[in-house]
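# Remarks on the overall topology
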Amino acid sequence: MTVGNKYRAVHARSLSDPEGFWAEQAASIDWSKRWDKVLDGTNPPFYRWFAGGELNACHNALDRHVDGGRAEQVALIYDSPLTDTKKKFTYRELRDQVARIAGMIAAQGVGKGDRVILYMPMIPEAVMGMLACARLGAIHSVVFGGFAAKELSSRIDDCAPKLILTASCGIEPTRIVHYKPLVDQAIEQAKHKVPRVVLLQRSQSAATMVPGRDLDWNEALAKAQPAACVPVKATDPLYILYTSGTTGQPKGVVRDTGGYCVALSWSMKNLYGVEPGEVYWCASDVGWVVGHSYIVYGPLIHGATTILYEGKPVGTPDAGAFWRVISEHKAMALFTAPTAFRAIKREDPDGKLLKNYDLSKFRTLFLAGERGDPPTVEWAQKLLGVPVVDHWWQTETGWAICGNFQGLEPMPVKLGSTSVPSPGWHLDVLDENGHPMKPGEVGALAGKLPLPPGTFPTLWNADERYRQSYMSEFPGYYKTGDAGFIDEDGYVSVMTRVDDVINVAGHRLSTGQIEEVLGAHNDVAECAVIGIADELKGQVPLGFLVLKAGVNRPPQEITAEVVQMVRDRIGPVAFFKSALVVQRLPKTRSGKILRGTMQKMADSQPWTLPATIEDPAVLDEIKDGLKTAGFANK
Ligand code: COA
Ligand code: AMP
């Protein structure tokens, strides 16, 4: 049998007989009611998987393993170099704690279909809070701790939660991030009034409580009775996770329950090559989709042991931190972003620290979140001597669109490529008229509908936005927003975004959203934001400001103010540190800002004068501005 045949047979079957294929995979999940229809395609593009079925995600992640012989197996390892803490929870302990937290949440009047926002650091209570919501059939929405109050408030208004679960602080290597004042501000700013906040006081910082609205986590928990799992429809939302849109209004990606559990279960075995009982480590954050799928739900549904790491790849305490965690907990795989490896490589280019650790159980490194740049992938391959698998992901898709299926059939890794499509994904590269392109040609990457289980059935309260943003440009396809090519062997390379999304340290940001903040400054008439190449973070945002006529304050005062505004309104995660004041922005004759050309200039890449440019002299001004500020050298 030639390499790849087994994968190709599985993939082909998933496209020719999707219902048969996914019904077979669904046998790995406990259902309280079997589905009526595997795929309901009566209302495209709103496809529904396992329609009529009922199940509970928390039961599948915890209770069935407790009942099925894994009660004393470790389910969750909390490893926090930032607080010098390590804790282990068996499946029984985790189930019991989650059941009590679910009781505490239910006592606040939260039930099936109600929304709960979690704004929490990487502590066990965050994972437990998510699973406790799932237990009740409530819909959780986790907001990443690096987002500011305004971002939190826009999410509060969009999903109208009955409850917020939070902690007094998060811990960054150089500072304590006080969460509670941000929660208070966000609730204040939001139109939707949040009736209840449950606050976990961490020993590093005590937060003040708002009487009548806030409860202390431990006190509320002490009074709570354990709650049982509530069956929900397979098509009911398990969570909402917000991601960058093209405007300041984030998109609430909805994840349904049944299809997601089935897809994650399939992927744990076939993509990540994990056996139940093994230790699997995803070094992301529960605030991101990768954290939802592969810190929380995937490993637990599969009966594996998951690691929750509250630390960084470097500086906690050094660039050997990842090797320490892998060896100490005997992890068989690590899933992280290339930026983390670039950070390690920068501090320990020869990988000397690796020699202090025993990585004999470690089989595979998985990278995602941004392009796995070949130098970083090669460095990791040489250092670790295991397959390094780059796989392509989006918040919208819930699990990998493409990957190299280590448990099914490992295929050769091609540098710069995310390997081959996951089951259920029929990918095409389309030109601007929606016609499929030839192998090797770069165009828009699009997935033929229906997408496989686990992918987003809609956006929260925004069916039309779902249709418009993703499903209308190429009829019959999901527009991924990424551009790339597919080679003769069917390997998919993801090169860049086609919209104004940039990728900063594996975090997805919208330049349009940053522009909205800059444009709100009193002295700014016009602005543009681009992502420029950065050795560590992949890209970082850079702003260009045109000031209003008559403004004659020192430019550095204004740039410092806009930097602070972005930090206050979007959050430190935006990593917006630089802006340039310019006289004019380069535009086409129809008024479109030439961001692409500016980006090439800033990255010192070759660029050509766009034929439609309104005034070529503006580009010279931009070039001079970039040079003076040290951004471009050609
Ligand atoms: N809460 C509050 N603030 C946070 C935060 C959190 N959970 N996470 C990050 N921040 C802050 C950081 O402190 C930093 O603030 P600063 O500007 O005051 O220094 C800012 O947000 C940017 O953070 P980050 O991009 O994480 O940069 P860093 O310099 O702290 O660390 C890396 C660099 C490469 C180590 C880090 O980005 C990393 O580990 N990235 C991996 C990303 C990842 O796993 N993505 C998931 C996709 S798989
Ligand atoms: P997010 O929704 O935050 O997970 O970000 C998704 C985006 O990250 C994708 O649309 C891509 O632009 C980028 N991305 C994720 N994984 C990869 C990868 N392996 N290669 C290239 N880009 C990636």
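Residues numbered from 1 in each chain as written. Chains lettered and ligands numbered in written order. Predicted model: local features only at pLDDT ≥ 70, side-chain atom pairs only at ≥ 80, totals over all residues. Heavy atoms only, no water.

In the annotation of an unreviewed UniProt entry, the entry for the protein reads Propionyl-CoA synthetase, and the organism field reads Reyranella aquatilis.

### Topic: the UniProt feature "domain: Acetyl-coenzyme A synthetase N-terminal" (unreviewed entry) in the protein
Test applied: UniProt positions are given in the numbering used here, feature names are shortened, and annotations may be inferred rather than shown by experiment. A run of H or I in DSSP counts as a helix once it spans at least four residues, and a run of E counts as a strand once it spans at least two, with each numbered from the N terminus.
The UniProt record annotates "domain: Acetyl-coenzyme A synthetase N-terminal" (unreviewed entry) at residues 7-61. Taken end to end, residues 7-61 is 42% helix and 18% strand, and its two terminal C-alpha atoms sit 27 Å from one another.

### Describing the site of ligand 2
The criterion, for reference: Nearness is judged by heavy atoms alone; a residue qualifies as near a molecule or strand once a single heavy atom is within 4 Å of it. Think of a polar contact as two N or O atoms within 3.5 Å of one another; within protein, one of them needs to be a possible hydrogen donor and the other a possible acceptor, and neighboring residues in sequence only count if both atoms come from side chains. Using the Shrake-Rupley algorithm and a 1.4 Å probe, accessible areas are obtained, with residue cover drawn only from the displayed protein chains. Throughout this entry, Asp, Glu, Lys and Arg are counted as charged residues, while Ala, Val, Leu, Ile, Met, Phe, Trp, Tyr, Cys and Pro are counted as nonpolar. The remaining residues, Gly among them, count as polar.
Neighbouring residues of ligand 2: 15 residues in total, closest Asp390, Thr395, Asp482, Arg497 and Arg508. Here a nitrogen atom of ligand 2 sits 3.4 Å away from a polar atom, N or O, in the main chain of glutamate 370. Side-chain polar atom of arginine 497 to an oxygen atom of ligand 2: 2.7 Å apart, as the coordinates give it. In isolation ligand 2 offers 500 Å² of accessible surface; the protein chains occlude 92% of this area. Considered class by class, the residues forming the shell around ligand 2 number three nonpolar, six polar and six charged.

### Some remarks on the site of ligand 1
This is how the line gets drawn: For each domain, the first and last residues come from an automatic or database assignment.
Around ligand 1, a shell composed of 25 residues is seen, among which Glu172, Arg175, Lys537, Arg567 and Lys577 lie nearest. In the environment of ligand 1, an oxygen atom lies 2.8 Å from a nitrogen or oxygen atom belonging to the side chain of arginine 175. Burial of ligand 1 by the protein chains amounts to 84% of its free accessible area of 930 Å². For the shell around ligand 1, the per-class residue count stands at 13 nonpolar, six polar and six charged. Counting only domains with at least three residues in the shell around ligand 1, you end up with domain 1 (5-311 + 391-485) and domain 2 (505-628).

### Topic: helix H1 (residues 5-16)
In plain terms, the rule: Expected span of a helix: the number of residues minus one, times 1.5 Å. Each residue's exposure class comes from its accessible area (1.4 Å probe, protein chains only) as a fraction of the maximum for that residue type: buried when under 20%, exposed when over 50%, partly exposed otherwise. Note that the arc is defined by the directions from the helix axis to the C-beta atoms. Contact criterion: two residues are considered in contact whenever any of their non-hydrogen atoms come within 4.5 Å of each other.
Here H1 contains 12 residues, and its C-alpha end-to-end distance of 16 Å stays within 8% of the 16 Å for a straight helix at 1.5 Å per residue. Residues Tyr7, Val10, His11 and Ser14 constitute the buried set of H1. Down the axis of H1, the buried set is contained in an arc of 95 degrees. They therefore lie on one face. Turning to H1, the residues buried within the fold contact helix H2 (18-25), helix H9 (258-270) and strand E22 (420-421).

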